[in-house]
Amino acid sequence: MDEILFDVNLQQLPDEYLTGEWCVADRVLNRNSPDSALAQATRLLLTPGAVQVHAPFQHDTGQWSVQRDTLLNRPYLELQLLQEETKALITRLRRSADGLQSQLNLYFQSGMELQLAQPC
């Protein structure tokens, strides 16, 4: 990414900013099963209400939504896949001024962290 990316205020994050095809740029595994589709994902496709997880030799689909905690209004990405259900705190979202480039950081309940990037 060669454009300057700006932090998005997560308390006012529109769901539309999360849609699209995301490539996994970096990952840190913790207690998560290293064999799960999410742990091996190379791409995530988020369309309104639907998610596809692409990994080598695996594919998983399901639904996603954004939930917010009541105290600080922090956004969580809730994934209901065929193989697993999980929730990830959205810790950072950065976008270019034109919205064509983005970087998304997720911290999952299991301790796994994913850094996603658009475009792929």
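First, a word on what this report is: a plain description of the structure on this page.

The rules we used
Residues numbered from 1 in each chain as written. Predicted model: local features only at pLDDT ≥ 70, side-chain atom pairs only at ≥ 80, totals over all residues. Heavy atoms only, no water. Helix = DSSP H or I, 4+ residues; strand = E, 2+ residues; numbered from the N terminus. Buried < 20%, exposed > 50% of the residue type's maximum accessible area, 1.4 Å probe, protein only. Contact = heavy atoms within 4.5 Å. Areas by Shrake-Rupley, 256 points an atom, 1.4 Å probe, with all protein chains shown as cover. Pairing = 2+ DSSP bridges.

1. Focus: the overall build of the protein
A count of helical and extended segments in the protein gives one helix and nine strands. Ordering the α and β elements of the protein from the N terminus gives β-β-α-β-β-β-β-β-β-β. Principal-axis analysis of the C-alpha atoms gives the protein an extent of 35 × 35 × 25 Å. Looking at the protein as a whole, 42% of its 120 residues are labelled buried. Considering only contacts within the protein whose residues lie at least 6 apart along the sequence, 44% involve residues at least 24 apart. Total accessible area computed for the protein in this model is approximately 6,700 Å², and 48% of it derives from carbon and sulfur atoms.

2. Here's the deal with the pairing of strand S5 (residues 58-68)
Note: strand S4 (residues 50-55) against S5, six bridges, orientation antiparallel. Counterpart to Val51 in the pairing with S5 is Gly62. In sequence, S4 turns back onto S5 through a hairpin of two residues, with Phe57 there showing a positive phi of about 65°. Bridging between S5 and strand S6 (residues 75-81) involves seven bridges; their strand directions are antiparallel. Within S6, the position partnered with Val66 by the bridge is Leu77. The turn joining S5 and S6, which pair antiparallel and follow one another in sequence, is formed by six residues; a positive phi near 60° is taken by Asn73.

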